[in-house]
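# Reading the structure
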Amino acid sequence: MKSTDEIKSFKSKEEAEILLKESRKRIDEIDNALFDLISQRTSLANDIVLSKHYLGMPIYDKSREEAVHEKIKRMAEENDLDVDIIDQIVNMLTILSKNEQNKILRRNVDGQY
(Lines give C-alpha, C1' and ligand atoms only; values in the text may rest on other atoms or scores of the structure.)
Protein backbone atom coordinates (compact mmCIF):
# COMPACT_ATOMS: atom_id res chain seq x y z
CA MET A 1 0.00 0.00 0.00
CA LYS A 2 1.53 3.28 -1.10
CA SER A 3 1.18 6.23 1.21
CA THR A 4 0.17 9.63 0.00
CA ASP A 5 1.74 12.91 0.99
CA GLU A 6 -1.58 14.70 0.82
CA ILE A 7 -2.63 16.33 4.09
CA LYS A 8 -6.28 15.73 4.94
CA SER A 9 -8.20 18.84 5.76
CA PHE A 10 -10.80 18.49 8.53
CA LYS A 11 -14.05 20.39 8.91
CA SER A 12 -13.98 20.09 12.69
CA LYS A 13 -12.03 18.91 15.69
CA GLU A 14 -14.56 16.11 16.15
CA GLU A 15 -13.92 14.82 12.62
CA ALA A 16 -10.17 14.65 13.35
CA GLU A 17 -10.81 12.90 16.69
CA ILE A 18 -13.08 10.33 15.04
CA LEU A 19 -10.48 9.57 12.37
CA LEU A 20 -7.78 9.26 15.02
CA LYS A 21 -9.89 6.88 17.11
CA GLU A 22 -10.84 4.75 14.09
CA SER A 23 -7.23 4.63 12.87
CA ARG A 24 -5.95 3.57 16.30
CA LYS A 25 -8.65 0.89 16.51
CA ARG A 26 -7.58 -0.44 13.11
CA ILE A 27 -3.90 -0.42 14.19
CA ASP A 28 -4.86 -2.49 17.26
CA GLU A 29 -6.67 -4.98 14.99
CA ILE A 30 -3.66 -5.20 12.69
CA ASP A 31 -1.32 -5.66 15.68
CA ASN A 32 -3.47 -8.59 16.84
CA ALA A 33 -3.37 -10.11 13.35
CA LEU A 34 0.41 -9.62 13.19
CA PHE A 35 0.82 -11.36 16.54
CA ASP A 36 -1.29 -14.28 15.30
CA LEU A 37 0.80 -14.52 12.11
CA ILE A 38 4.06 -14.38 14.08
CA SER A 39 2.76 -17.17 16.34
CA GLN A 40 1.81 -19.25 13.29
CA ARG A 41 5.20 -18.61 11.68
CA THR A 42 7.05 -19.57 14.87
CA SER A 43 4.99 -22.74 15.32
CA LEU A 44 6.41 -24.02 12.02
CA ALA A 45 9.83 -24.24 13.72
CA ASN A 46 9.02 -27.78 14.88
CA ASP A 47 8.41 -29.03 11.34
CA ILE A 48 11.44 -27.17 10.05
CA VAL A 49 13.86 -28.43 12.69
CA LEU A 50 12.63 -32.03 12.35
CA SER A 51 13.14 -31.86 8.59
CA LYS A 52 16.54 -30.20 8.89
CA HIS A 53 17.64 -32.76 11.50
CA TYR A 54 16.57 -35.67 9.29
CA LEU A 55 18.29 -34.14 6.27
CA GLY A 56 21.45 -33.43 8.26
CA MET A 57 21.12 -29.69 7.78
CA PRO A 58 22.18 -27.06 10.31
CA ILE A 59 19.63 -24.69 11.78
CA TYR A 60 21.30 -21.73 10.06
CA ASP A 61 20.67 -21.88 6.31
CA LYS A 62 22.55 -18.96 4.76
CA SER A 63 21.12 -19.30 1.26
CA ARG A 64 17.53 -19.47 2.54
CA GLU A 65 18.00 -16.41 4.76
CA GLU A 66 19.60 -14.46 1.91
CA ALA A 67 16.69 -15.37 -0.39
CA VAL A 68 14.16 -14.27 2.23
CA HIS A 69 15.96 -10.95 2.74
CA GLU A 70 16.11 -10.30 -1.01
CA LYS A 71 12.39 -11.02 -1.36
CA ILE A 72 11.56 -8.76 1.59
CA LYS A 73 13.79 -5.99 0.22
CA ARG A 74 11.94 -6.06 -3.12
CA MET A 75 8.56 -6.04 -1.35
CA ALA A 76 9.60 -3.12 0.89
CA GLU A 77 10.81 -1.10 -2.08
CA GLU A 78 7.63 -1.86 -4.07
CA ASN A 79 5.53 -0.65 -1.14
CA ASP A 80 7.66 2.38 -0.37
CA LEU A 81 8.62 1.09 3.09
CA ASP A 82 11.94 1.66 4.85
CA VAL A 83 14.06 -1.28 3.67
CA ASP A 84 16.40 -1.16 6.68
CA ILE A 85 13.58 -1.30 9.21
CA ILE A 86 11.78 -4.09 7.35
CA ASP A 87 15.09 -5.98 7.20
CA GLN A 88 15.44 -5.61 10.98
CA ILE A 89 11.94 -6.98 11.47
CA VAL A 90 12.76 -10.00 9.29
CA ASN A 91 16.00 -10.48 11.24
CA MET A 92 14.00 -10.59 14.47
CA LEU A 93 11.55 -13.10 13.00
CA THR A 94 14.45 -15.25 11.79
CA ILE A 95 16.10 -15.14 15.22
CA LEU A 96 12.78 -16.07 16.83
CA SER A 97 12.49 -19.09 14.53
CA LYS A 98 16.08 -20.22 15.07
CA ASN A 99 15.72 -19.82 18.85
CA GLU A 100 12.58 -21.95 18.76
CA GLN A 101 14.34 -24.58 16.64
CA ASN A 102 17.25 -24.67 19.11
CA LYS A 103 14.81 -24.98 22.01
CA ILE A 104 13.12 -27.94 20.31
CA LEU A 105 16.49 -29.62 19.69
CA ARG A 106 17.55 -29.11 23.33
CA ARG A 107 14.25 -30.51 24.55
CA ASN A 108 14.78 -33.59 22.41
CA VAL A 109 18.47 -34.28 23.07
CA ASP A 110 17.72 -37.97 23.48
CA GLY A 111 16.67 -38.13 19.83
CA GLN A 112 12.97 -38.63 20.55
CA TYR A 113 11.04 -36.19 18.42
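Residues numbered from 1 in each chain as written. Predicted model: local features only at pLDDT ≥ 70, side-chain atom pairs only at ≥ 80, totals over all residues. Heavy atoms only, no water.

### Quick look at the environment of Lys-98
As for its position among the elements, Lys-98 is in helix α4 (residues 83-107). Relative accessible area serves as the criterion here: at 21%, Lys-98 is assigned to the partly exposed category. The sequence separation of Lys-98 and Asp-31 amounts to 67 residues, and the corresponding C-alpha distance is 23 Å. Leaving out residues up to four positions away in the same chain, Lys-98 has contacts with Ile-59, Tyr-60 and Glu-65. (Helix = DSSP H or I, 4+ residues; strand = E, 2+ residues; numbered from the N terminus. Buried < 20%, exposed > 50% of the residue type's maximum accessible area, 1.4 Å probe, protein only. Contact = heavy atoms within 4.5 Å.)

### Observations regarding the side chain of Ser-97
Checked against the element boundaries, Ser-97 lands in helix α4. Given the relative accessible area of 11%, Ser-97 is considered buried. Once you skip the residues sitting within four places of it in the chain, Ser-97 turns out to touch Arg-41 and Ala-45.

### A short note on a positive patch on the surface
On the surface, Arg-41, Arg-64, Lys-71 and Arg-74 cluster together to form a positively charged patch. For the positive patch, the leading source of residues is helix α3 (residues 62-78), giving three residues. For Arg-41, the location among the structural elements is in helix α1 (residues 13-43). (Patch = residues over 30% accessible without salt bridge, like charges linked within 9 Å, V, L, I, M, F, W, Y side chains within 5 Å. Areas by Shrake-Rupley, 256 points an atom, 1.4 Å probe, with all protein chains shown as cover. Salt bridge = Lys/Arg side-chain N within 4 Å of Asp/Glu carboxyl O. Lys, Arg positive; Asp, Glu negative; His and termini not counted. Charge placed at Lys NZ, Arg CZ, Asp CG, Glu CD.)

### Looking at the pattern of salt bridges
Charged atoms that come close allow side chains of opposite charge to pair. Per the stated rule, a full pass over the model turns up six salt bridges. The shortest N-O distance in the salt bridge between Glu-17 and Lys-13 comes to 3.9 Å. Remark: Lys-13 and Glu-17 occur in helix α1; sequence separation between them is four residues, near one turn of the helix. Of the residues examined, Glu-17 reaches a relative accessible area of 42% and is grouped as partly exposed. The salt bridge involving Lys-62 is made with Glu-66; its shortest N-O contact spans 3.8 Å. With Lys-62 and Glu-66 both in helix α3, this residue pair falls four residues apart, about one helical turn. Salt bridges sharing partners connect three or more residues here, namely Lys-25, Arg-26 and Glu-29.

### Let's talk about a nonpolar patch on the surface
Residues Ile-30, Leu-34, Leu-37, Ile-38 and Leu-96 make up a contiguous nonpolar surface patch of roughly 400 Å² in combined accessible area. It is α1 that contributes the most residues to the nonpolar patch, four residues altogether.

### Structural notes on the packing of α1 against α4
Interaxial distance between α1 and α4 falls to 9 Å at its minimum, and their mutual angle equals 40°. By the criterion of interaxial angle, the relationship of α1 to α4 is oblique. Pair α1 / α4 crosses with right-handed handedness. Note on element contacts: α4 touches α1 through Leu-93, Thr-94, Leu-96, Ser-97 and Glu-100, opposite Ile-38, Arg-41 and Thr-42. (Axes fitted to C-alpha atoms, helices over the stretch in contact; angles between N-to-C directions. Parallel < 35°, antiparallel > 145°, perpendicular 65-115°, else oblique. Left-handed = near helix turned anticlockwise from the far one by under 90°.)

Fair warning: the whole summary comes from geometry, so function is off the table for now.
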